[in-house]
Amino acid sequence: CIANVLLQRNPSSKLVATNVDAFDLVGADGRHIPGNGGAVKYLEHTSRRSAINCGKPSKLLADLLDSLYGLDTSRAMFVGDRLDTDIRFGIDTGMHATLVMTGVTSAQQMIDLKEGTEEEPLPS
């Protein structure tokens, strides 16, 4: 993997991840394909570094939005299509969260979760 080689050649460089999604869905039948999270874990392991996640559900992203735009999270709503990143980001940062049913999360998954979990909270 080129990323691993570059990390080895540049020991002071940071490993930055834009997301750590476990999987994405493709096709009408919703087949799972590996998401970016698998690649991040691989690079963390082989480079012996911890990635900095700057995407959802990272607090870094919320802090950036606040510093750039003065975001009042108590008056904001985050709309997303996955519980584990989008809805978690909204809830963890004090926003209202709304789930659209066009992405990874299914209605059956929400029913099965009942009250949600820390990793997959239900919308607020």
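Everything below is about the structure printed above this text.
Residues numbered from 1 in each chain as written. Predicted model: local features only at pLDDT ≥ 70, side-chain atom pairs only at ≥ 80, totals over all residues. Heavy atoms only, no water.

Caption draft 1: Structural context of helix H2 (residues 36-47). For H2, which comprises twelve residues, the first-to-last C-alpha distance of 16 Å matches the rise-based estimate of 16 Å (1.5 Å per residue) to within 8%. Within H2, the full set of buried residues consists of Gly37, Val40, Leu43, Glu44 and Ser47. When H2 is viewed along its axis, its buried side chains cluster within an angular range of 125° and face the same direction. In H2, the exposed residues that point more than 90 degrees away from the buried face are Lys41 and His45. (Helix = DSSP H or I, 4+ residues; strand = E, 2+ residues; numbered from the N terminus. Expected span 1.5 Å × (residues − 1). Buried < 20%, exposed > 50% of the residue type's maximum accessible area, 1.4 Å probe, protein only. Arc of directions from axis to C-beta.)

Caption draft 2: The arrangement of the packing of helix H1 (residues 2-9) against H2 in detail. The contact between H1 and H2 brings their axes to 10 Å, and the two run at 35°. The crossing of H1 and H2 is right-handed. From H1, Ala3, Asn4 and Leu7 reach across to H2, where they touch Tyr42, Leu43, Thr46 and Ser47. Of the residues assigned to the contact of H1 with H2, the class counts are four nonpolar, three polar and no charged. (Axes fitted to C-alpha atoms, helices over the stretch in contact; angles between N-to-C directions. Left-handed = near helix turned anticlockwise from the far one by under 90°. Contact = heavy atoms within 4.5 Å. Nonpolar A, V, L, I, M, F, W, Y, C, P; charged D, E, K, R; others polar.)

Caption draft 3: The environment of Ile91, seen in detail. Counting through the fold element by element, Ile91 comes out in helix H4 (residues 83-92). On the accessibility criterion, Ile91 (31% relative accessible area) is partly exposed. Sequence separation of Ile91 and Pro123 is 32 residues, and the distance between their C-alpha atoms is 7.7 Å. Apart from residues no more than four positions distant in its own chain, Ile91 is found in contact with Ala97, Pro121, Leu122 and Ser124.

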